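Analysis of the macromolecular model
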Amino acid sequence: MIPFQSLISLWIALIKSSYTLLGSAGLQHWHLGPSVRSMLESSCKVVKEGLLEKRSDGLLQLWKKKRCLLTEEGLLLIPPKQLDQQQQQPGSPTEPARIKELHFSNMKTVDCVERKGKYVYFTVVMAEGREIDFRCPQDEGWNAEITLQMVQYKNRQAILAVKSTRQKQQHLVQQHGHRIRSTSNSA
C-alpha cells in the first residue's frame, strides 16, 4: 500500500507534468480553474494533507469524504475516487479533475466550531456569504490549521498592500519633487 502523502505527490506531479508537456491549452480537459493552476505552477507549499468530510449541498446533505491539500494559498478538495483513478491509470487523464479550490482571498472566516462525539464540526464562510460545512476527527485540527493559514495569507496580503501604497507614495513624491526642481531651474 502506498502512503497517502506519496499518492498526493504522485497526483500533483502528474498534473504538473501534463501542464508542462501540453501547455495551458492542453490542460483544458482537466477543468482546472486559473487559481488552481497558479497554485500548482507556483509550487505552493503543502501545509497539511489528509481527509476531511464535507456536507453535500443536496437535499439529503450527506457527509462526503474529500482528500484535502491545505496550502499557503487555500484549500484544495479532491474526491478520493479521482485520486485512486489517477494512481491506477497514470498518464491517461480521461475524466475531468473535479478539484474544488477554496482560495483564501475568497474566504471570510472559519466559523461555528463545535465538538460532538468524535468529530469537530466547522463552517468555512466564503466572501460572497456561501457557507461550506466540514467535519473531521477531533485530533486532526483541520479547523485550526485552516484558520491559521488563512490569517497568515491575509497578513501577507495586507503587508503587500501597505508596501505597494508606500511605493506609490514615494513615486509620487519623487515625481512631484522632480517637477518642482524643473520649474525652479527654468525660472
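A quick note: this is a predicted structure, and the numbers were derived from the prediction, not measured.

Conventions we followed
Residues numbered from 1 in each chain as written. Predicted model: local features only at pLDDT ≥ 70, side-chain atom pairs only at ≥ 80, totals over all residues. Heavy atoms only, no water. Core = buried A, V, L, I, M, F, W, Y, C linked by side-chain atoms within 4.5 Å. Buried < 20%, exposed > 50% of the residue type's maximum accessible area, 1.4 Å probe, protein only. Helix = DSSP H or I, 4+ residues; strand = E, 2+ residues; numbered from the N terminus. Contact = heavy atoms within 4.5 Å. Pairing = 2+ DSSP bridges. Axes fitted to C-alpha atoms, helices over the stretch in contact; angles between N-to-C directions.

If you look at the biggest cluster of nonpolar residues, it comprises 20 residues, and the most contacted ones within it are Leu52, Leu75, Phe122, Phe134, Trp142 and Ile146. Going through the elements one at a time, strand 2 (63-71), strand 3 (74-78), strand 5 (107-116), strand 6 (119-126), strand 7 (131-137) and helix 4 (142-186) are the ones with two or more residues in this core. Residue contacts for Phe122: discarding those within four places in its chain leaves Leu52, Val110, Asp111, Cys112, Val113, Ile132, Asp133, Phe134, Cys136, Trp142, Asn143 and Ile146.

One open sheet holds the seven strands; their spatial order is 4-3-2-1-7-6-5, and the pairing between them is antiparallel. Here the strands that pair on one side only, and so sit at the sheet edges, are strand 4 (100-103) and strand 5. Across the sheet, the axes of successive neighbouring strands diverge by a mean angle of 30°, strand direction being ignored.

Our next topic: the pairing of strand 5. Taken together, the seven bridges between strand 5 and strand 6 define a ladder with antiparallel strand orientation. Note that in strand 6 the partner of Lys116 across the bridge is Tyr119. Joining the antiparallel neighbours strand 5 and strand 6 is a turn of two residues, in which Gly117 adopts a positive phi near 60°.

Let us look at the pairing of strand 7. Strand direction decides the pairing type here: strand 1 (residues 46-55) and strand 7, joined by two bridges, are antiparallel. Considered in strand 7, the bridge of Glu53 is made with Arg135. Examined bridge by bridge, strand 6 and strand 7 share seven bridges and lie antiparallel to one another. Residue pairing in the sheet places Val125 in a bridge with Glu131 of strand 7. With antiparallel pairing between neighbouring strands as the criterion, strand 6 and strand 7 make up a hairpin whose turn holds four residues, including Gly129 at a positive phi of roughly 100°.

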